[in-house]
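In case you want the letters, here they are:
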Amino acid sequence: MKQQFLLGADDPEMRAIARILGARGTPFSYASVEGSRATPGNSYKADAIDIPNDRRLAVVECAFERMPESTMVIDHHRPGDPGFALGPDRFWEASSIGQLHKLLELKPDHNALVMAAFDHCFAAAVRGECQGIDAEEVIHLRISEIANETGIDRSAVWDVVLDFRNMLMQAPEIEIGDQTVKDFRRKYLGEGYSLPYLSVQLAAAMNGHAVLLRHRDHVRGGEKNTLTGHATVATIEAFMKRWAPAQGLERVFGVPERGYAGGFVGRRLSSRIA
């Protein structure tokens, strides 16, 4: 039975997956919500699509109600996903692009391996914890993707990242669990994969900081606090179990093995930060 793919929200890995499918002539479409391309915040509540009887659906980082029982899931974001909770030592099999290669029986090139480490566990890849992946490759890929995402020249992106590295050095610090975390919530980082949001992520990884950020997935989405950078497994667990609920964060999420967590800002916390 032939495969038909439904792809989730736009990001560098998803664009790489689309290129692979397009080059093979494999049919795919993008998940949408009320007619607009799905975002990270709503891609698991996508509009339903019709699947021809002679095809098997594969969803990549998205979902919709009443999917066919035969649907293949390619993902690493939610409990039960094939790549969920796998650490940097298993970055290839954990990543969506790695799962796609396995499904299609493709041999990966080095660029695909770098993309897998870049997407699944960026900070760990910068620390050199992904076998066969050079940290500089991952950093330069992030710079290139920021430039592509924002339409800004690479050298200008580097300038922004360097500015944020300096700002992070001076940022206030808080304790989450047993780790010191840079509290960068005073600066709102915009919506989606904005230049500030992507640049701060890179700056934190390069500086060796764990950092707490404030942003939104999209303009109409709820405000989020995200813990990222060089946060340890214990720190992510402390954030999810104790710190975030105590701070009034709602819909707390995270994957300790991947080094990130977050929650949506309730009214009490929002008024205190604004």
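Above this note sits the structure.
Participant: When you look at the sheet that holds strand 2 (residues 28-30) in this model, what are you seeing that I'm missing?
Facilitator: The pairing of strands in a sheet happens through backbone hydrogen bonds and is either parallel or antiparallel. Ordered in space as 2-1-5-6, the four strands form an open sheet in which the pairing is parallel. Whereas interior strands pair on both sides, the edge strands pair on one side only; in this sheet they are strand 2 and strand 6 (72-74). Ignoring strand direction, the axes of neighbouring strands in this sheet form an average angle of 25°. This element, helix 1 (residues 12-24), spans strand 1 (2-7), strand 2 and strand 5 (55-60) of the sheet and lies at about 155° to strand 1. On the sheet, helix 3 (residues 96-104) packs against strand 1, strand 5 and strand 6 and is oriented at approximately 140° with respect to strand 6.

Participant: Looking at this model, I keep getting lost on helix 9 (residues 233-246). Mind explaining?
Facilitator: In an α-helix, one turn spans 3.6 residues, which is why side chains three or four residues apart end up on the same side. Helix length check: helix 9 (14 residues) gives 19 Å between terminal C-alpha atoms against 20 Å at 1.5 Å per residue, within 8%. Roughly 50° is the biggest bend found in helix 9, and it falls at Phe239. Taken residue by residue, helix 9 has Thr235, Ile236, Ala238, Phe239, Trp243 and Ala244 as its buried positions. In this fold, the buried residues of helix 9 make contact with strand 7 (173-176), strand 8 (179-191), strand 9 (210-216), strand 10 (223-229), strand 11 (249-255) and strand 12 (260-265). Remark: Gly248 follows helix 9 within two positions and exhibits a positive phi of approximately 90°.

Participant: I tried to follow the environment of Ile49 on my own but got confused; where do I start?
Facilitator: Looking at where Ile49 falls in the secondary structure, it is placed in the loop between strand 4 (36-37) and strand 5. Judged by its relative accessible area of 25%, Ile49 falls in the partly exposed class. Placed 16 residues apart in sequence, Ile49 and Glu65 show a C-alpha to C-alpha distance of 9.9 Å. The contacts of Ile49, once residues within four sequence positions are left out, are Leu6, Ser29, Leu57 and Phe64.

Participant: What am I meant to see in the packing of helix 7 (residues 154-170) against helix 8 (residues 195-207) here?
Facilitator: How two helices pack is summed up by the angle between their axes together with the distance between the axes. Running from amino to carboxyl end, helix 7 crosses helix 8 at an angle of 60°, the nearest separation of the two axes being 8 Å. On the basis of their axis angle, the class for helix 7 and helix 8 is oblique. Between helix 7 and helix 8 the crossing geometry is right-handed. Contacts between helix 7 and helix 8 pair Val157, Trp158, Val160, Val161, Phe164, Arg165, Leu168 and Met169 from the former with Leu195, Pro196, Ser199, Val200, Leu202, Ala203, Ala204, Met206 and Asn207 from the latter.

Participant: Is there a simple way to think about the pairing of strand 9 in this case?
Facilitator: Within a regular strand, side chains alternate between the sheet's two faces. The buried fraction of strand 9 amounts to six of the seven residues, a majority that puts the element mostly inside the structure. Bridge analysis of strand 8 against strand 9 gives four bridges, and the strand direction is parallel. The residue of strand 9 that forms the bridge with Asp183 is Leu212. Chirality of the crossover, the property in question, places the unit of strand 8, helix 8 and strand 9 among those that are right-handed. Across seven bridges, the pairing between strand 9 and strand 10 is antiparallel. Within the sheet, the bridge partner assigned to Val211 lies in strand 10 and is Thr228.

Participant: Even after reading the chapter, I still don't get the pattern of salt bridges, so can you show me in this structure?
Facilitator: When the charged atoms of two side chains lie near each other, side chains of opposite charge can form a pair. This model, assessed by the stated rule, comprises 10 salt bridges. A salt bridge links Arg15 to Asp10; the nearest nitrogen and oxygen atoms lie 3.0 Å apart. Judged by relative accessible area, Arg15 falls into the partly exposed class, the value being 23%. Note that Arg90 and Glu93 form a salt bridge whose closest N and O atoms lie 3.0 Å from each other. Connected via shared salt-bridge partners are Asp10, Arg15, Glu145 and Glu149.

Participant: Whenever I open this one, the nonpolar core confuses me. Can you help?
Facilitator: What tends to happen in soluble globular proteins is that the nonpolar side chains get buried as a cluster. Counting 51 residues, the largest nonpolar core has Phe5, Leu7, Ile17, Ile97, Leu100, Val138 and Phe184 as its most contacted members. With eight residues, the top contributor of residues to this core is helix 8. What Leu100 contacts, discounting residues up to four positions off in sequence, is Phe5, Ile17, Ile20, Leu21 and Ile74. Counting 15 residues, the second largest nonpolar core, distinct from the first, contains Leu212, Phe239, Leu249 and Ala261.

Participant: Whenever I open this one, helix 8 confuses me. Can you help?
Facilitator: Taking 1.5 Å per residue as the helical rise, helix 8 with its 13 residues ought to reach 18 Å, and the 18 Å between its terminal C-alpha atoms agrees with that figure. Of all 13 residues in helix 8, 11 are buried; the element is thus mostly enclosed. Taken residue by residue, helix 8 has Leu195, Tyr197, Leu198, Ser199, Val200, Gln201, Leu202, Ala203, Ala204, Ala205 and Asn207 as its buried positions. Along its buried surface, helix 8 packs onto helix 5 (122-126), helix 6 (135-150), helix 7, strand 8, strand 9 and strand 10. Following helix 8 by one or two positions, Gly208 has its phi on the positive side, about 85°.

Cut-offs applied
- Residues numbered from 1 in each chain as written.
- Predicted model: local features only at pLDDT ≥ 70, side-chain atom pairs only at ≥ 80, totals over all residues.
- Heavy atoms only, no water.
- Pairing = 2+ DSSP bridges.
- Helix = DSSP H or I, 4+ residues; strand = E, 2+ residues; numbered from the N terminus.
- Axes fitted to C-alpha atoms, helices over the stretch in contact; angles between N-to-C directions.
- Contact = heavy atoms within 4.5 Å.
- Expected span 1.5 Å × (residues − 1).
- Bend = angle between axes of the 7 residues up to and from the residue.
- Buried < 20%, exposed > 50% of the residue type's maximum accessible area, 1.4 Å probe, protein only.
- Parallel < 35°, antiparallel > 145°, perpendicular 65-115°, else oblique.
- Left-handed = near helix turned anticlockwise from the far one by under 90°.
- Right-handed = clockwise from strand over helix to strand, strands pointing away.
- Salt bridge = Lys/Arg side-chain N within 4 Å of Asp/Glu carboxyl O.
- Core = buried A, V, L, I, M, F, W, Y, C linked by side-chain atoms within 4.5 Å.

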